[in-house]
Amino acid sequence: MTAQLIDGNALSKQLRTDVAARVTALKAKGVTPGLAVILVGDNPASQVYVRNKVKACEDTGMHSVLETWPTTMTEAELLARVDAMNNDASIHGILVQLPLPAHMNAQRVIEAISPEKDVDGFHIASAGALMTGLPGFWPCTPYGCMKMLESIGYELKGKHAVVIGRSNIVGKPMAMMLLQQNATVTICHSATKDLKAMTLQADVIVAAVGKRNVLTADMVKPGAVVLDVGMNRNDEGKLCGDVDFAGVKEVAGWITPVPGGVGPMTITMLMVNTLESAERRAA
Ligand SMILES: NC(=O)C1=CN([C@@H]2O[C@H](COP(=O)(O)OP(=O)(O)OC[C@H]3O[C@@H](n4cnc5c(N)ncnc54)[C@H](OP(=O)(O)O)[C@@H]3O)[C@@H](O)[C@H]2O)C=CC1
Ligand SMILES: Nc1nc(=O)c2c([nH]1)NC[C@@H]1CN(c3ccc(C(=O)N[C@@H](CCC(=O)O)C(=O)O)cc3)C=[N+]21
Ligand SMILES: [Mg+2]
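Because the structure is a prediction, the values reported are computed rather than measured. (Residues numbered from 1 in each chain as written. Chains lettered and ligands numbered in written order. Predicted model: local features only at pLDDT ≥ 70, side-chain atom pairs only at ≥ 80, totals over all residues. Heavy atoms only, no water.)

### Quick word on the overall build of the protein chain
Then, in step 1: Across its full length, the protein chain carries 10 helices and 11 strands.
Then, in step 2: Residues counted as buried form 49% of the 283 residues belonging to the protein chain.
Then, in step 3: Excluding contacts between residues fewer than 6 apart, the proportion of contacts in the protein chain whose partners are at least 24 apart in sequence is 69%.
Then, in step 4: For the protein chain, the computed accessible surface area is about 12,900 Å², with 55% contributed by carbon and sulfur atoms. (Helix = DSSP H or I, 4+ residues; strand = E, 2+ residues; numbered from the N terminus. Buried < 20%, exposed > 50% of the residue type's maximum accessible area, 1.4 Å probe, protein only. Contact = heavy atoms within 4.5 Å. Areas by Shrake-Rupley, 256 points an atom, 1.4 Å probe, with all protein chains shown as cover.)

Here you go:
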């Protein structure tokens, strides 16, 4: 293996120590940061994720509330819960777990969250702030990727970054953050004609597709930094990313594993966003 590992668990542990200290300081001022997580439906994977989020928050001394609702919940009922959380002074961050059941309009639900409590960074006000360089919440997954690059002291200025995937929650905000750090950014997607021709030029590759082996060793320039956002299952049912880790680690300079890479960093940045929301309220 030539690549060095960027360990999302280890970096999360470091960052969460700082979060815990700031939570303690805020509590001394009489404010306990609070996160509300709303899950609709009984997707077992989602249930595990939201429980992990709530537990991670509690580990740092934050207050957190988990609401689970049946799939039969109406959109109007969900909007009423979001509104209640918007008006609850003990709550500084609201996360509605995606995907929502098909009978709901997810965008409408997201826009109902007060931008001051949009710790996921999915609201159009948050997206607009990121796009224009104004203060606002950054989506946790690409934000976590930026922290991983920062942790290895990586200078993005003038580098070519290739982002594979253009979703509103990962690919697009990832591209904006890299651009803000003066990288030259290419965004690839399902209609990209020659993905390999793009990735071979990249100093940094972020894979955020949701398909195994989207990125293989022959597609990577030696020494490149490879960040793997994907969350998939392999034939043995084990968690794996979008990157052929075994192959790519022989070519890349740096690589993130799955599990233990971007995933834990997503949760860490959710905590950071919630903490900062509470700090803003306390100021
Ligand atoms: N680690 C973490 O914390 C998180 C992980 N994830 C995981 O990251 C992955 C991506 O999530 P998300 O962005 O929500 O997914 P989406 O399904 O919303 O987006 C996937 C993107 O990949 C593109 N794509 C699909 N096939 C190809 C291909 N063959 N070549 C190039 N691009 C392709 C799609 O293109 P098009 O737009 O043209 O359809 C789309 O832009 C998933 O595995 C998800 O589970 C997501 C969030 C957090
Ligand atoms: N409103 C909303 N916000 C989200 O941030 C959001 C969402 N909806 N819907 C689903 C996706 C996915 N996502 C993950 C977060 C952490 C891990 C994570 O911690 N993964 C661990 C492994 C977990 C396991 O073992 O299953 C790891 O990679 O090491 C994974 C996926 C957040 N999402
Ligand atoms: Mg998606």
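### Observations concerning the site of ligand 1
Then, in step 1: Taken together, 20 residues form the shell around ligand 1, and within it Arg166, Ser167, Ser190, Lys211 and Thr266 come nearest.
Then, in step 2: Residue Ser167 places a side-chain N or O atom 2.6 Å away from an oxygen atom belonging to ligand 1.
Then, in step 3: Here Thr266 contributes a side-chain N or O atom positioned 2.6 Å from an oxygen atom of ligand 1.
Then, in step 4: Across the complex, the protein chains shield 68% of the 930 Å² of accessible surface that ligand 1 would expose by itself.
Then, in step 5: Of all the elements, helix 10 (residues 262-282) adds the most residues to the shell around ligand 1, at 3 residues. (Near = heavy atom within 4 Å. Polar contact = N/O pair within 3.5 Å; in protein donor to acceptor, adjacent residues only side chain to side chain.)

### Side note on the site of ligand 2
Then, in step 1: Residues in contact with ligand 2 amount to 15 residues; listed here are only the nearest, Val96, Leu98, Asp120, Met231 and Gly260.
Then, in step 2: Here a nitrogen atom of ligand 2 sits 2.8 Å away from a polar atom, N or O, in the main chain of Leu98.
Then, in step 3: Within the backbone of Gly260, one N or O atom sits 2.6 Å away from an oxygen atom of ligand 2.
Then, in step 4: Protein chains shield 79% of the accessible area of ligand 2, which is 680 Å² for the free molecule.
Then, in step 5: Of all elements in the fold, only helix 2 (44-59), strand 4 (93-96) and helix 10 reach the threshold of two or more residues within the shell around ligand 2.
Then, in step 6: Each residue belonging to the shell around ligand 2 can be placed in one class, and the counts come to 10 nonpolar, 3 polar and 2 charged.
Then, in step 7: Taken domain by domain, the makeup of the shell around ligand 2 includes at least three residues from each of domain 1 (31-119) and domain 2 (140-262). (Nonpolar A, V, L, I, M, F, W, Y, C, P; charged D, E, K, R; others polar. Domains from an automatic or database assignment.)

### With respect to the sheet that holds strand 6 (residues 184-188)
Hydrogen bonds along the backbone pair up the strands of a sheet, which may run parallel or antiparallel.
Then, in step 1: Read from one edge of the open sheet, 6 strands run 1-11-8-7-5-6, paired in parallel fashion. Two strands close off the open sheet at either side, each with one partner strand: strand 1 (4-5) and strand 6.
Then, in step 2: Pairing between strand 8 (residues 225-228) and strand 11 (residues 254-255): 2 bridges, direction parallel. Bridge pairing links Val226 to Ile255 in strand 11. (Pairing = 2+ DSSP bridges.)

### Examining the packing of aromatic side chains
Then, in step 1: Taken as a whole and judged by the stated rule, the model has 1 aromatic pair.
Then, in step 2: Sitting over the face of the ring of Tyr154, Lys159 holds its NZ or CZ atom 4.7 Å from the ring centroid. (Phe/Tyr/Trp six-rings, centres within 6.5 Å; stacked < 30°, edge-to-face > 60°. Lys NZ or Arg CZ within 6 Å of the ring centre and 35° of its normal.)

### Overview of the UniProt feature "binding site: NADP(+)" (unreviewed entry) in the protein chain
Then, in step 1: Following the UniProt record, one finds the feature "binding site: NADP(+)" (unreviewed entry) at Gly165, Arg166 and Ser167.
Then, in step 2: In this fold, Gly165 is placed in the loop between strand 5 (160-164) and helix 7 (171-180).
Then, in step 3: Accessibility expressed as a relative area gives 10% for Gly165, which makes it buried.
Then, in step 4: If we ignore the near neighbours within four places in the chain, the residues touching Gly165 are Gly171, Ile187, Cys188, Ala208 and Val209.
Then, in step 5: Position of Ser167 relative to the elements: it lies in the loop between strand 5 and helix 7.
Then, in step 6: Overall, the relative accessible area of 33% leaves Ser167 in the partly exposed class.
Then, in step 7: Leave out the neighbours within four places in its chain, and Ser167 touches Lys172 and Pro173. (UniProt positions renumbered as here; feature names shortened; annotations may be inferred.)

### Details of the environment of Ala3
Then, in step 1: With respect to the secondary-structure elements, Ala3 resides in the segment before strand 1.
Then, in step 2: Measuring from C-alpha to C-alpha, the distance between Ala3 and Arg51 comes to 33 Å, with 48 residues separating the pair along the chain.
Then, in step 3: Excluding anything up to four places from it in sequence, Ala3 contacts Lys249, Ala252, Gly253, Trp254 and Ile255.

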